[in-house]
Amino acid sequence: MPSLLAGKTALVSGVANRWSIAYACAKELARNGASLVLTYEGERTQPEVEKLGAELGNALVAQCDVGQDASIAALRALLEERGVRLDAVLHSIAFARKEELTGKFYATSRDGYALALDVSAYSLVAMCRELRSVFAAQASVMAMTYLGSVRAVPSYNVMGVAKAALEACVRYLAADLGESGVRVNAISAGPIKTASARAVGGFTNILGEVAAKSPLRRNVTQTDVGNAAVFLASDLSSAITGHVLYVDAGYNIMGMT
Ligand SMILES: NC(=O)c1ccc[n+]([C@@H]2O[C@H](COP(=O)([O-])OP(=O)(O)OC[C@H]3O[C@@H](n4cnc5c(N)ncnc54)[C@H](O)[C@@H]3O)[C@@H](O)[C@H]2O)c1
């Protein structure tokens, strides 16, 4: 099998455990020849991410809380010290309080809204700014989004607004960074059972809806999404930037479901 990503280094954020979409992306990126840097949020996830990083072939594992500019700057310093240049960066991070992911959207609190937008959307801007100096020429930045950005999905609420902001950030960053050859895209994944997804009220119903009504009549797997990340990280997507790539078994095209 050809190594699409041989000689490339990919930084993957957002691995918490084996079920994380970021873990599947890291696995597929490594399987296609990329060296990995994995970042974890904090002490709670550190042991698991270190274990997974070792399994994935000696990934460099580092802490990065994207809610703190200083933490992202410390990551940049570490990468500079190790002489690491990033050919791909995956942002696979989101957070909203559980109580904001159920019931009426208008009940969203002011600080819950700010928190969700900060961690789930602004963090992509901060990561691109702080890590720009360690991007390789023609680096590929990817962010993980969901259909709730453009449709009102029950219970997804403030996270839908955060994903709309994230997708707009992708376009503005693509416009800014394109002159240095850097591409910025989003992957809009169909619903997948992960720790974050379980926090969304009625998540099982969302899975059932996609399985029953998507053109392919199935849900997507973590590997489906990982394969799309390989494509966007590779030179096969060299003229694609500012794009939202749906990996959702086609569910997003359906009307009258
Ligand atoms: N699971 C789905 O159905 C689905 C669908 C489409 C998009 N997504 C998106 O995929 C991404 C990954 O989510 P997942 O479903 O794999 O769940 P997950 O819980 O495995 O991953 C979420 C990650 O965000 C990290 N995180 C939260 N706050 C952080 C912070 N301040 N600093 C650094 N990291 C932080 C967590 O540590 C965790 O690793 C998210 O952006 C999510 O919105 C998920």
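Here is what the cut-offs are and how they apply
Residues numbered from 1 in each chain as written. Predicted model: local features only at pLDDT ≥ 70, side-chain atom pairs only at ≥ 80, totals over all residues. Helix = DSSP H or I, 4+ residues; strand = E, 2+ residues; numbered from the N terminus. Buried ≥ 20, exposed ≤ 12 C-beta atoms within 10 Å, placed from the backbone. Contact = placed C-beta atoms within 7 Å. Expected span 1.5 Å × (residues − 1). Bend = angle between axes of the 7 residues up to and from the residue. Core = buried A, V, L, I, M, F, W, Y, C linked by C-beta atoms within 7 Å. Pairing = 2+ DSSP bridges. Axes fitted to C-alpha atoms, helices over the stretch in contact; angles between N-to-C directions. Left-handed = near helix turned anticlockwise from the far one by under 90°. Nonpolar A, V, L, I, M, F, W, Y, C, P; charged D, E, K, R; others polar. Near = placed C-beta within 6 Å. Parallel < 35°, antiparallel > 145°, perpendicular 65-115°, else oblique.

A. Up close: the overall build of the chain. Each helix and strand in the chain was counted, giving eight helices and seven strands. When its C-alpha atoms are laid out on the principal axes, the chain stretches across 50 × 40 × 40 Å. Buried residues in the chain amount to 47% of all 257 residues. Counting only contacts in the chain whose residues sit at least 6 apart along the sequence, the fraction spanning at least 24 positions is 75%.

B. Structural detail: helix α4 (residues 110-131). In this model, α4 (22 residues) spans 30 Å end to end at C-alpha, consistent with the 32 Å of a helix rising 1.5 Å per residue. Largest kink in α4: about 45 degrees, centred on Y122. Of the surrounding elements, those touching the buried residues of α4 are α3 (69-82), β4 (86-91), β5 (135-145) and α5 (157-177).

C. Structural detail: the nonpolar core. In terms of nonpolar packing, the biggest core is built from 75 residues, with V12, V15, C25, A26, L29, L36 and A229 touching the most fellow members. Once you skip the residues sitting within four places of it in the chain, L36 turns out to touch A10, V12, A26, L29, A30, L56 and A59.

D. Molecular detail of the sheet that holds strand β7 (residues 244-247). A sheet is described by the order of its strands in space; here seven strands give the open sequence β3-β2-β1-β4-β5-β6-β7, paired in parallel fashion. Two strands close off the open sheet at either side, each with one partner strand: β3 (60-63) and β7. Direction aside, the axes of adjacent strands within the sheet are offset by 20 degrees on average. As judged from the five bridges shared by β4 and β5, these two strands associate in the parallel manner. Pairing of V89 across the sheet is with V141, part of β5. Contacting β1 (9-13), β2 (35-40), β4, β5 and β6 (183-189), helix α1 (residues 21-31) runs over the sheet at an angle of about 170 degrees to β1.

E. The packing of α3 against α4, seen in detail. Running from N to C, α3 and α4 point in directions that differ by 35 degrees, and their axes come no closer than 9 Å. Once α3 is placed against α4, the crossing between them reads as right-handed. Contact residues: D69, I72, A73 and R76 in α3; A126, M127, E130 and L131 in α4. Looking at the contact of α3 with α4 residue by residue, the class counts come to five nonpolar, no polar and three charged.

F. Representation of the site of the ligand within the structure. Taken together, 26 residues lie near the ligand, and A16, S20, A94, T194 and S196 sit nearest. Put simply, the parts of the chain that give the shell around the ligand at least two residues each are α1, β5 and α6 (195-198). Broken down by element, the residue count for the shell around the ligand peaks at three residues, all from α6. Here the shell around the ligand is composed, by residue class, of 16 nonpolar, eight polar and two charged.

G. Up close: the packing of α1 against helix α8 (residues 222-233). In contact at an axis separation of 8 Å, α1 and α8 are set at 55 degrees when each is read in the N-to-C sense. Here α8 runs oblique to α1, going by the angle between their axes. Judged by the twist between their axes, the crossing of α1 over α8 is right-handed. Contacts between α1 and α8 pair I21, A24, C25, K27, E28 and L29 from the former with Q222, T223, V225, G226, N227, A229, V230 and A233 from the latter. Split into classes, the residues belonging to the contact of α1 with α8 amount to eight nonpolar, four polar and two charged.

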